[in-house]
Amino acid sequence: MKEILKRGMMSFTISAFCGLIVNLLIDVIVNINGLKGFVSMSDHYVKLFPTEAMAAYVNILVYGTIGLVFAVMTFIYDVERLGFLFQSIIYFIVTGGFSVAVTVFLWQLHHYPGAFIGTLTGYAVSHVIIIAVEYRTLRKDVKEINEIYSGFYLL
């Protein structure tokens, strides 16, 4: 449990920092290219808060929380009684539900179909990468176990 929480806090920190950097870069590049006053948050999202700064702070916390949920939910892959496919389905449903809730209810991206589709596509690509990495790790572990047990038969 301690390791899972540690992993979650590390992911929270990295995700919040990366989200901050990405938003900062987008804002700077767009403002340098002539669109003064541009902020990389949807107008509908910013209206949920008393100030633009408060919206930006909450946005950074949301980035971190997304990373936290993704990292903490990897515990499901440690539950040995569940098969890999079932683990992946649970992971997808929980993280997907959280991602959709954030994009629709908080970021208000359903008002911006392109951004909404882009965000969900990013989530899907992330999930495919996670499944591929976990599958490769699982295959490697099974191969190592089989090699250990095949050595016992020779004795």
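Up top you'll find the structure we're talking about.
In short, a report on the structure. Every value quoted in this text rests on a predicted model; they were computed, and no experiment measured them.

Thresholds applied
- Residues numbered from 1 in each chain as written.
- Predicted model: local features only at pLDDT ≥ 70, side-chain atom pairs only at ≥ 80, totals over all residues.
- Heavy atoms only, no water.
- 1 Å grid on protein atoms, 1.4 Å probe; cavity = no way out; pocket = protein on both sides within 12 Å on 5 of 7 lines; lining within 4 Å.
- Points joined across faces, edges and corners; volume = space filled by probe spheres on them.
- Helix = DSSP H or I, 4+ residues; strand = E, 2+ residues; numbered from the N terminus.
- Nonpolar A, V, L, I, M, F, W, Y, C, P; charged D, E, K, R; others polar.
- Salt bridge = Lys/Arg side-chain N within 4 Å of Asp/Glu carboxyl O.
- Buried < 20%, exposed > 50% of the residue type's maximum accessible area, 1.4 Å probe, protein only.
- Core = buried A, V, L, I, M, F, W, Y, C linked by side-chain atoms within 4.5 Å.
- Contact = heavy atoms within 4.5 Å.
- Axes fitted to C-alpha atoms, helices over the stretch in contact; angles between N-to-C directions.
- Left-handed = near helix turned anticlockwise from the far one by under 90°.

### Some remarks on the layout of surface pockets
Piece 1. The volume enclosed by the largest pocket comes to roughly 680 Å³.
Piece 2. In this structure, the largest pocket is lined by 31 residues; those nearest its centre are Tyr-63, Ile-66, Thr-103, Trp-107 and Thr-119.
Piece 3. Breaking the lining of the largest pocket down by element, the ones donating at least two residues are helix 1 (2–32), helix 3 (52–72), helix 4 (84–106) and helix 5 (113–154).
Piece 4. A per-element tally of the lining of the largest pocket places helix 5 first, with seven residues.
Piece 5. Taken together, the residues that form the lining of the largest pocket break down as 15 nonpolar, 15 polar and one charged.

### Topic: the pattern of salt bridges
Piece 1. Applying the stated criterion across every chain, the model contains one salt bridge.
Piece 2. Glu-144 is the salt-bridge partner of Lys-140, the closest N and O atoms lying 3.5 Å from each other. With Lys-140 and Glu-144 both in helix 5 and four residues apart, this pair spans about one turn of that helix.
Piece 3. For Lys-140, a relative accessible area of 51% corresponds to the exposed category.
Piece 4. Here Glu-144 falls in the partly exposed class, since its relative accessible area comes to 37%.

### Topic: the nonpolar core
Piece 1. With 19 residues, the main nonpolar core has Tyr-45, Ala-55, Ile-66, Tyr-91 and Trp-107 as its most contacted residues.
Piece 2. Those elements that place two or more of their residues in this core are helix 2 (43–46), helix 3 and helix 4.
Piece 3. The dominant element in this core, judged by the number of residues it contributes, is helix 3, at six residues.
Piece 4. Residues in contact with Ile-66, not counting those within four places in the same chain, are Phe-98, Val-102 and Trp-107.

### A few points about the packing of helix 1 against helix 3
Piece 1. Two elements in contact, helix 1 and helix 3, have axes whose closest approach is 7 Å; the angle formed by their N-to-C orientations is 140 degrees. Judged by the twist between their axes, the crossing of helix 1 over helix 3 is right-handed. Contact residues: helix 1 offers Ile-4, Arg-7, Gly-8, Met-9, Ser-11, Phe-12, Ser-15, Ala-16, Gly-19, Leu-20 and Asn-23, while helix 3 offers Asn-59, Ile-60, Leu-61, Tyr-63, Gly-64, Thr-65, Gly-67, Leu-68, Ala-71 and Val-72.
Piece 2. Considering only residue class, the contact of helix 1 with helix 3 consists of 11 nonpolar, nine polar and one charged.

### Quick notes on the side chain of Ser-99
Piece 1. With respect to the secondary-structure elements, Ser-99 resides in helix 4.
Piece 2. A relative accessible area of 9% places Ser-99 in the buried class.
Piece 3. Every residue in contact with Ser-99, bar those within four places of it in the chain, is listed here: Phe-70 and Tyr-123.

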